[in-house]
Structures are given as C-alpha cells and as structure tokens.
Amino acid sequence: MRDAAPTTIYLKDYTPFGYLVDSVHLTFDLADHATRVTSRIAFRPNPNASDPTFFLHGEDLTLISATIDGVDIAPDVTDKGLTADAPNVPFVWEAEVEIDPGNNTALEGLYMSNGMYCTQCEAEGFRKITYYPDRPDVMSTFTVRINGDLPVLLSNGNPSDKGDGWAEWTDPWPKPAYLFALVAGDLIAHPGQFTTMSGRDVELNLWVRPGDEGKCAFGMEALKKSMKWDEDVYGREYDLDVFNIVAVDDFNMGAMENKGLNIFNSSAVLASPETSTDMNFERIEAIIAHEYFHNWTGNRITCRDWFQLCLKEGLTVFRDAQFTSDMRSASVKRIHDAIDLRARQFPEDNGPLSHPVRPESFQEINNFYTSTVYEKGAEVIGMLKRLVGDDAYAKALDLYFDRHDGQACTIEDWLKVFEDTTGRDLSQFNRWYSQSGTPRVFVSDDWVDGTYTLTLNQKTEPTPGQSEKLPQVIPIAVGLLNDNGDEVRATEVLEFTEAEQSFTFSGLAAKPTPSILREFSAPVILEQDQTDAVHAFLLAHDTDPFNRWQAGRSLAQEALIGMILRDAAPNADYLDGLLAVLRDQTLDPAYRALMLGLPTQSELATALHQKGKTPDPMAIWTAVETLRQATAQHMQDLLPRLHAEAEVDVPYSPDAEQSGKRALGSAALGLTSRLDGGVKAAADYAKADNMTLQLSALACLLRAGKGEAELAAFYDQWQHDRLVVDKWFGLQASMAHPDSAADIARDLTKHAEFNWKNPNRFRALMGSLAMNHAGFHRQDGAGYALLAEWLIRLDPVNPQTTARMCSAFQTWKRYDRSRQAQMRENLTRIAETPDLSRDTTEMVSRILDA
C-alpha cells in the first residue's frame, strides 16, 4: 500500500509547541539490530502556546515503556508519533524504545555505515531515534550516555565522563533535535589544537576509519583557517572545549553541522594529492568552513520552522563564499558561483520545481534543500550587504548575534536588525524571500547632449502558485567606459525598485559603453541588445573581471546559437578576443582557464527555448564540439606556451596559485587533444604525480575516443580507494559520446563495484549520466528509461537520494514532443510505483504538473 495522501504543511499555520523542554537525558545501549534508547525529558507548559496537545514525533520505533513523573502511561501511538495526557505543570517524561540501525538504509536517524554507528537528524531524523517534539523551535540542553563495546563513542558538546564500555557527553548550549549527533566505531583521530581569540584552547579531532589517516591534514588546516577567519571577520568565537569531525562513507548530504560533532560525507573531508583533485580540495575547504560557520549561523541562532531554512543556509553559504574569496581569488569565485547558479538554480526557479527562497508550503521538507534555498538565499544576503554597505552590514550582524543568541528565528527577525541598524524600510526587499522566479532586467539607453540615460524594465514570469509578480529591489552595479576602454564612471550601485526606472549620468564627453550587472550584483537575467562588436570591446577592455568574463560568455553563446540555428561559422570576434585574453600573462591563470569555458549544453537549451525554439540536444552537442575544435585550431600556436606556463616545478600544493596554473594547463591540454588525437594527454597521464593531472589527462583521452588502456590501468591502480572509484564511474558516463552514454552507464550498473545503495556511488554514475546533456536526452529515450529504472529501485532504500535525482527530469517540457512523451512516460512509471515514498511522490507530482 502507498502511504496515505501526503499532507501539505503551510507557513501560515505555524503555532508554537505546547511545551518547553528544559533538559534532555538520553542513554543508548547500542546493538546492530536492537539498540535501546532511554529518554528522560523535563517538560513544562509553554505560556506562549495556544494548543496544549502533548504530541511527540516518532517513526519506526518500538515503544517499550513510557512514564510521566514515574507513573506508567499508555499513550495513543500511530506511525507518526504518540499523544498522551500531560499535566499543566512541569513534569518529567521517560520512555524506552528499540530501533534497528542495521537495517536503516534511508540514512536518517541512527544508522550503520561499514560497522560504524552514526546519525543524520536534519531535517526530521531525530523522530526515528526516540519520541520527541522534533521541530527546530524546541531547544534544550542534552546529556547523552552511550553504552557500547566500540572504542570510540562520541556525541555533542564536551566529554563529561567515561568508563569501560561507556561515555557521557554534555552539551551546555540549547539546541533543537535536528542538531543531535552520535557516532560510535573503530576510528582513529587526526588531532589538532586551536587557541581562540580570548585565549581558550580547543581540542580538535578529525576521526576516520583505519587506512584514511593520510587524508586528514588538509581538512584539519581548513578547520583552523575557518575558525580564525570567523573570529577576524565576524567576531565569532568557538564556544566548546572540543570540536570533532567524523568522516562517514554513507551519507545523503555533504556534511552536517551538529553542535561540536560535525559528520561529513567522506568525499567532503578526506583528501590527498594522489587521490583528490584541486577542485576536491577547494570543495572540502569550503564545506568545512560552511559547517563550522553554522556554529553561530544555524546552531546558536537557528530557524523557528523549516520554512525559515534559508535563514541559516543562505547566510552560511554567503559566509563560506566570502571565506573562499579571501582564501583564493574573489573574481574567480564569483564567476564560479554565477556559473553554478545559472546551471542549477535558474532552471529550478523557472520550472515546475520553482519555489520562493522561503517556501509557503511543503509536503516533504527534505525536498526543499535546494539551490534556491541555499545559493539564491546566499545571493539575497549579498544583495542586502551591497545595498546597505559593508559597515552597516557588520553592525547589523553584531546586533543579530546579540539580540537573537539562543533563539529560533524568522526572516522577519533577520530583516528587522537591518531596519533597526540602517533605518531602511525592507518590506519591498522581503519579496526576494516570498516571490519565486528569476527576474529579467531589460535594458535600453539614450544619449542627449552629454547626458547618458539607462532605462531598466523588470519582469518575472509566472511560476507555480504565483501568477502575478511585483517589482523587486534589484541592486544593479554599473560602470561606464569610453572608446579607449577607460572608466569614465566608476562602479556605482543603482537601486532598481520600479517596474520601469531610468538613471541618468551627466557631464560626459561622448556616449559611453555601459558595463551592467558588475560582479553579478543580483541573481537576474540581463536582457540587453548588444552587438558582437560591443561584446568584443568589453572582453578586451572591461575593468570588472566578472563582466569581462561575461562578455566572452555572451559572444560564445551567440556564436553557438547561430551555429545551431543557422549553421553559421564560428565567430571570429570571439576567437580573436579569447586569444588576446589568453596571451595576457598578467591575468590569473585560473581566470584565463575560466575564459576557455563555454556555456553548458543545458544553458544553450534554455536559451533556445526562451527564443521560442525547440532545442535539439545533438545539434547543441555538435555546435559545442565544432566551436571547441575551432578554438583549438585558432590557438594552436599558443597552446604549448600555456602548457609550459602551467608547469609547476615545486612540490604539490592545492593552493590558489598552483591550482590556477593546473586549471589553465588542463584546459590547454583539452584543446591540444583535439589536434593531436590525445598524444600529449597520453604522455601527461603516464607522468602524472597527482590526481588533478592524472584525471585531467584521462578525461582528454576519453573525449578523444582513446584511453581504453589508461582507463583500465586507472581502475587497477585505485580499485581499493572508494572515492577514486567514484571518479572512475563518473568520468565514463560524463565523457561518453552521446550515442553511447546510456549504454556505458547501463553496463557500469553491472560492475561489481557499483554499490547503488551508497549515495556517492549512485550519484557518481547516474548524476554524471544526467549531466551528459545529449547522452541523457538521446533520441530513443534510453537515458530516461535507465534513470527511471534505478530511481524506482532506489526509492524504498533511500527516498532522499531518489527524490533529489528526479530533478534530472525537471526541464522535460522544453524539448520536442517525442522526448517529452518519453520523459512523461518514465515519470509516470515512477509515480505509479507501489509504496512510493513521500519524498519521491512530491517531486514527481510537481514535475508532472508543469
């Protein structure tokens, strides 16, 4: 039987829980299939609550006993929780339950991963551990005793006692249940130490399985850098005596910020030069920072309800982006963020899964851990900072921490500290939280007697549940250039607040060329009629690094669309401008490497759809391949110099300088392989002494239709390293020719190492197939059928991963009728699967309802 029809939960219906929790004491008697959890919880009536119902969430629990103030009770138990009569005075609830972590494949609550007990409680996993008001606005201190025969027993807070076969932990800071954590296993600590700005010594540990000790050093240093940065930039000091990180192989997310005990997907914390790429190192550095920064923006101040998820996630993503910008290159980071937002969030914002940064309703909260909540949420913070200025932003954050420490807050609480600090009315700005969709900003200009006028119009298309859109506050950063490329107006931020608004610039000697949306100052789509000559001028002269990159991107996109629709030749302006940029050795190598990138094939499909054209995935793939070949031929004399410039003759380091050089060298190698058939790539593979160079060379070989021997050798070399084997699976699906991608992926599902129950392995293969645009959208629908088949298989095992992977189908309505019919057929297959989870039911229903 399928679950009963999912219940829709609405923000407008929020009411506080009827009881406050003063303290929580938990005792775990660990056993693989029969763990006993005893809880003792001190409740008292909540004077601010209107509903006194005593309901505790609980799922997949066997209730052994329950008492109130020591008296046995018989609560009304359902598959969602229990209800009991509770006194209207303080009381102590005690219960004992039994759970089965060994068979918990959903990886929510307490489960097992390679013999290790671990937890994941966000968003609603704690209810699978014991009966409790599992909601973020219920906060309490926790004391936890763990009884077990494993050598390492960890929980939140500080260690308070231990003995033979047991350990006790006490967390003095009130927290919601979603931040609870427990780990027990045969683990080895990579230790460290940090002295806070007030002089307190904090013990640091990165816990790993035996054999992974050599992959911890970078993560530990990233943690120390994060702690120091948060003190220097935000004045936030760590507040416990110990900070633990644990690496876990089976994990649905990247990492989890549990108070004092962060649990990480092993791919997000383990790194070595031999097994990790430069991109892996940068990702690990950012994720460690993100989870650490949650200690204040998420833990000390949490969200009142899950509709406010962006309050902690958007702010913390913004903070980790600031951190990465400071550790590496700010302009390169900004470009990467824009690429990611356009590739993931813009399609989400303009499709059937569109929702506001703060949703108004949901059926399954796990489906709202989205790019809109995280990345667009971070962009909203960035806009707010840009509008009020750096000083006001810093003062507002200080007030936020002072006013709301220890509270569960809302977006209104967040905006109020800015209003109180600056005196601004942010009611219109609040539309960024309530209104879904990506605004389009249309640009026209005028020049009269030394006065230049920019006229902006904004429009946001209807999205599910929102047919009418109101004007938003959009900060548009603008600079003006003269014919020599000199700035005649430095960057200034225009506050664009009306449906149509004009801005004038006086006292100019000649009509300028505008550079609009500098630093990607708002998450909007800029609609501006510019000729190839103007794009080429900005590519050569724009003083804003983002807009200079954007000019090249725009030239490339227009060239590709012309090649797709009109069989045009590759654009000479683009090729010449790109060559000039790549010759400029004063530019950061990482920046030049980004210049060599092209719009993704999915972006091109979106652009064609917006022009009223039906995208043909194979025509898009052919155009991209043709332009890349033309680029290689146009730059063939420069490529050897780029290779030489990228050579690093010092020991490997994942720092920004070396990583940038390797990124440029890898991009150059990709072009060279189109000219020499992979000869240099094969030589580079043979001599590679780090994973960045090895994987880059192997990818070039596969793209060139070569590399069979190297691919086999790669597997033989790394078959015992699970994270590298993930790369081996993913590379084959992503680099495959579109005609064979689905077939290769299907064959790989039969490989002995395709452990489909492991989220990393499943995503490595199926996620890479879905990202191979023309391969996934093969005309015969083989890619759709394969993904649907495996999602149906995975759903009863891991609903979260299944539901998130369904988003591969979210753009189905932009393609031709044949592809639409095949995607609808496969989505319907999933939807009609017996006993389909709530998570997947909601996602598929929303996509089908487009």
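Residues numbered from 1 in each chain as written. Predicted model: local features only at pLDDT ≥ 70, side-chain atom pairs only at ≥ 80, totals over all residues. Heavy atoms only, no water.

Draft legend 1. Representation of the overall build of the protein. The helix and strand tally for the protein stands at 27 helices and 31 strands. Radius of gyration (C-alpha) of the protein: 27 Å, near the 29 Å computed for a compact globule of 850 residues. Counting only C-alpha atoms, the protein reaches 85 × 65 × 60 Å along its principal axes. In the protein, which comprises 850 residues, the proportion classed as buried is 59%. Of the side-chain charges in the protein, 79 are positive and 124 negative, and the distance between the mean point of each set is 3 Å. (Helix = DSSP H or I, 4+ residues; strand = E, 2+ residues; numbered from the N terminus. Rg over C-alpha atoms; globule rule 2.2 N^0.38 Å. Buried < 20%, exposed > 50% of the residue type's maximum accessible area, 1.4 Å probe, protein only. Lys, Arg positive; Asp, Glu negative; His and termini not counted. Charge placed at Lys NZ, Arg CZ, Asp CG, Glu CD.)

Draft legend 2. Up close: the sheet that holds strand β30 (residues 513-516). Read across the sheet, three strands follow the order β28-β27-β30 without closing on themselves; strand pairing throughout is antiparallel. Of all strands in the sheet, those with a lone pairing partner are β28 (487-496) and β30, marking the two edges. Strand-to-strand twist of the sheet, defined as the mean angle between neighbouring strand axes without regard to direction, takes the value 25°. Sheet contacts for helix α9 (residues 532-541): β27 (474-481) and β30; angle to β30, the most-contacted strand, approximately 70°. (Pairing = 2+ DSSP bridges. Axes fitted to C-alpha atoms, helices over the stretch in contact; angles between N-to-C directions. Contact = heavy atoms within 4.5 Å.)

Draft legend 3. Quick peek at the pairing of strand β29 (residues 500-505). Side chains Gln 501, Phe 503 and Phe 505 project from β29 onto a buried face, and the interleaved Glu 500, Ser 502 and Thr 504 project onto a face without burial. Note: strand β26 (residues 451-459) against β29, six bridges, orientation antiparallel. Among the inter-strand pairings, Tyr 452 is bridged to a residue of β29, identified as Phe 505.

Draft legend 4. Fine view of the packing of aromatic side chains. Inspection of the entire model under this criterion finds 45 aromatic pairs. Summarising the aromatic geometry, the rings of Trp 296 and Phe 401 are spaced 5.7 Å apart at their centres and angled 75° between planes, so their arrangement reads as edge-to-face. One end of the pair, Trp 296, is in the loop between α2 (278-293) and β22 (302-303); the other, Phe 401, is in helix α6 (residues 390-404), with 105 residues separating them in the sequence. Among the residues examined, Phe 401 registers a relative accessible area of 2% and is labelled buried. Between Phe 546 and Trp 549 the ring centres are 5.4 Å apart and the planes differ by 50°, which places this aromatic pair in the tilted class. With Phe 546 and Trp 549 both in helix α10 (residues 545-566), this residue pair falls three residues apart, about one helical turn. On the accessibility criterion, Phe 546 (4% relative accessible area) is buried. Geometry around Trp 166 places Arg 145 over its ring, the cationic atom sitting 4.1 Å from the centre. (Phe/Tyr/Trp six-rings, centres within 6.5 Å; stacked < 30°, edge-to-face > 60°. Lys NZ or Arg CZ within 6 Å of the ring centre and 35° of its normal.)

Draft legend 5. Focus on the pattern of salt bridges. Applying the stated criterion across every chain yields a total of 56 salt bridges. A salt bridge links Asp 405 to Arg 300; the nearest nitrogen and oxygen atoms lie 2.7 Å apart. With Asp 405 in the loop between α6 and β24 (408-409) and Arg 300 in the loop between α2 and β22, the pair connects residues that are 105 residues apart, well separated along the chain. In this structure Asp 405 comes out as partly exposed when scored by relative accessible area, which is 31%. (Salt bridge = Lys/Arg side-chain N within 4 Å of Asp/Glu carboxyl O.)

Draft legend 6. Layout of helix α14 (residues 617-634). For α14, built from 18 residues, the straight-helix expectation of 26 Å at 1.5 Å per residue is met to within 8% by its first-to-last C-alpha distance of 26 Å. Between a side-chain oxygen at the N-terminus of α14 and the backbone nitrogen of Met 618 the separation is 3.0 Å; the capping residue is Asp 616. (Expected span 1.5 Å × (residues − 1). Polar contact = N/O pair within 3.5 Å; in protein donor to acceptor, adjacent residues only side chain to side chain.)

Draft legend 7. Up close: the pairing of strand β9 (residues 91-99). Only one face of β9 is covered, namely the one carrying Phe 91, Trp 93, Ala 95, Val 97 and Ile 99; the face carrying Val 92, Glu 94, Glu 96 and Glu 98 has none of its residues buried. Where strand β3 (residues 35-45) meets β9, nine bridges bridge the pair, whose relative direction is antiparallel. Counterpart to Arg 40 in the pairing with β9 is Glu 94. Sheet topology places strand β5 (residues 62-68) next to β9; six bridges connect them, and they run antiparallel. The residue bridging Leu 63 from the neighbouring strand is Val 97, located in β9.

Draft legend 8. How the structure looks around the packing of helix α16 (residues 656-676) against helix α17 (residues 679-687). Here α16 crosses α17 at 130°, and the two axes come no closer than 7 Å. As far as their axial angle goes, α17 and α16 are oblique. For the pair α16 and α17, the contacting residues are Leu 669, Thr 672, Ser 673 and Asp 676 in the first and Val 679, Lys 680, Ala 681 and Asp 684 in the second. Of the residues assigned to the contact of α16 with α17, the class counts are three nonpolar, two polar and three charged. (Parallel < 35°, antiparallel > 145°, perpendicular 65-115°, else oblique. Nonpolar A, V, L, I, M, F, W, Y, C, P; charged D, E, K, R; others polar.)

Draft legend 9. Looking closely at the packing of α10 against helix α13 (residues 601-610). Running from N to C, α10 and α13 point in directions that differ by 70°, and their axes come no closer than 11 Å. As judged from the angle between their axes, α10 and α13 are roughly perpendicular. In this structure, the crossing between α10 and α13 has a hand that is right-handed. Note on element contacts: α13 touches α10 through Glu 603, Leu 604, Ala 607 and Leu 608, opposite Arg 553, Gln 557, Leu 560, Ile 561, Ile 564 and Leu 565. Partitioned by chemical class, the residues of the contact of α10 with α13 number seven nonpolar, one polar and two charged. (Left-handed = near helix turned anticlockwise from the far one by under 90°.)

Draft legend 10. Molecular detail of unusual backbone geometry. In this structure, the amide linkage connecting Glu 122 to the following residue, Ala 123, adopts the cis form with an omega of 5°. Residue position: Ala 123 is located in the loop between β11 (116-120) and β12 (140-147). Located in the positive-phi region is Asp 449, a residue other than glycine, with phi close to 50°. Its place among the elements puts Asp 449 in the loop between β25 (440-448) and β26. The backbone of Asp 567 shows a phi angle near 55°, a positive value even though the residue is not glycine. Tracing the sequence through the fold places Asp 567 in the loop between α10 and α11 (572-583).

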